[in-house]
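Structural features, examined
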Amino acid sequence: ASQQQEYEAAFDLMKQGNYERAIKSFRAFLAKHPDSSLADNAQYWIAEGNYVLRNYKLALEEFSKVLAQYPRSPKAPDSLLKIGYVHYETAAYDRPGRECRHKLNYCRFGDDLCIGAGAQCDGQVLVINDLLGMFEKFVPSFVKRYADLAPQIAGAIAAFRDEVKSGVYPDA
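Residues numbered from 1 in each chain as written. Predicted model: local features only at pLDDT ≥ 70, side-chain atom pairs only at ≥ 80, totals over all residues. Heavy atoms only, no water.

1. Description of the overall build of the chain
In terms of helices and strands, the chain carries seven helices and two strands. When the helices and strands of the chain are read in sequence order from the N terminus, they spell out α-α-α-α-α-β-β-α-α. Across the 172 residues in the chain, those meeting the buried criterion constitute 36%. Residue pairs in contact within the chain that sit at least 24 positions apart in sequence constitute 39% of those at least 6 positions apart. (Helix = DSSP H or I, 4+ residues; strand = E, 2+ residues; numbered from the N terminus. Buried < 20%, exposed > 50% of the residue type's maximum accessible area, 1.4 Å probe, protein only. Contact = heavy atoms within 4.5 Å.)

Structure below.
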């Protein structure tokens with residue numbers, strides 16, 4: 001199988017909610033293809049799988065690897081956000097003197113500046129996918145859904161796929 005196929009097989013496991021197997025598959029992918037253009041994404045999904053499984057200590061380590069090993073990756077900002085989520089989930093922001101790390105050393109949780117979700121924060125951040133309910137399996141404790149679009153999105157994608165396969169779309 002090609003690198004792309006191996007990556008997609010692991011990602012399919014993630015989409016199916018089979019997080020343990022997805023993590024193992026992404027780890028195997030990285031071991032086999034450490035210099036792949038998909039390596040940063042694979043590392044990110046290892047971290048995300050651990051986050052969803054609430055293995056917060058390991059998720060923090062894995063998100064930190066994204067930043068350390070792939071600092072210019074498009075997944076770096078997402079990893080920083082998820083590191084903040086891990087701190088939120090573990091109440092790390094509530095410990096006196098808890099320093100922000102990962103190039104955010106200008107702030108302290110609970111002292112000067114905090115963004116995230118909660119009355120103690122200076123700014124409120126909610127990822128659009130969370131806000132719109134574009135997932136079904138895992139909902140972080142701080143998320144408030146304002147819509148439940150996952151079924152409608154899945155239905156729209158399935159209808160599009162079926163019309164493309166049958167030749168109805170695009171019209172000739």
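2. Focus on the nonpolar core
Within the largest apolar cluster, 30 residues are counted, with the highest numbers of intra-cluster contacts made by Tyr 7, Phe 26, Tyr 51 and Phe 63. Contributions of two or more residues to this core are made by helix 1 (3–15), helix 2 (19–32), helix 3 (39–52), helix 4 (56–69) and helix 5 (76–89). Counting residues per element, this core draws most heavily on helix 3, which supplies eight residues. (Core = buried A, V, L, I, M, F, W, Y, C linked by side-chain atoms within 4.5 Å.)

3. Concerning helix 3
In this model, helix 3 (14 residues) spans 20 Å end to end at C-alpha, consistent with the 20 Å of a helix rising 1.5 Å per residue. Counted residue by residue, helix 3 has 13 buried out of 14 residues, so it is predominantly covered. Following helix 3 by one or two positions, Arg 54 adopts a phi angle in the positive range, close to 65 degrees. (Expected span 1.5 Å × (residues − 1).)

4. Regarding the pattern of salt bridges
The tally for this structure, following the rule as stated, stands at six salt bridges. Residue Lys 32 is joined to Glu 6 by a salt bridge in which the shortest nitrogen-to-oxygen separation is 3.0 Å. Of this pair, Lys 32 sits in helix 2 while Glu 6 is found in helix 1, placing the two residues 26 residues apart along the sequence. A residue is classified by how much of its surface remains accessible, and Lys 32, at 55% relative accessible area, is exposed. Overlapping salt bridges bring together Arg 27, Glu 62 and Lys 65 as one network. (Salt bridge = Lys/Arg side-chain N within 4 Å of Asp/Glu carboxyl O.)

5. Observations concerning a nonpolar patch on the surface
On the surface, Phe 160, Val 164 and Tyr 169 cluster together into a nonpolar patch covering about 300 Å² of accessible area. Its place among the elements puts Tyr 169 in the segment after helix 7 (150–166). A relative accessible area of 44% places Tyr 169 in the partly exposed class. (Patch = residues over 30% accessible without salt bridge, like charges linked within 9 Å, V, L, I, M, F, W, Y side chains within 5 Å. Areas by Shrake-Rupley, 256 points an atom, 1.4 Å probe, with all protein chains shown as cover.)

6. Structural notes on the packing of aromatic side chains
The tally for this structure, following the rule as stated, stands at nine aromatic pairs. Ring geometry for Tyr 7 against Phe 11: centres 6.3 Å apart, planes inclined by 5 degrees, an arrangement best described as stacked. Here the residue Tyr 7 and the residue Phe 11 both occupy positions in helix 1, the gap between them amounting to four residues, near one helical turn. Among the aromatic residues, ring-to-ring pairing joins Tyr 7, Phe 11, Phe 26, Phe 29, Tyr 44, Trp 45 and Phe 63 into one connected group. Against the face of Tyr 44 rests Lys 75, its NZ or CZ located 4.6 Å from the ring centre. (Phe/Tyr/Trp six-rings, centres within 6.5 Å; stacked < 30°, edge-to-face > 60°. Lys NZ or Arg CZ within 6 Å of the ring centre and 35° of its normal.)

Treat this as a map of the structure, not an account of what it does.
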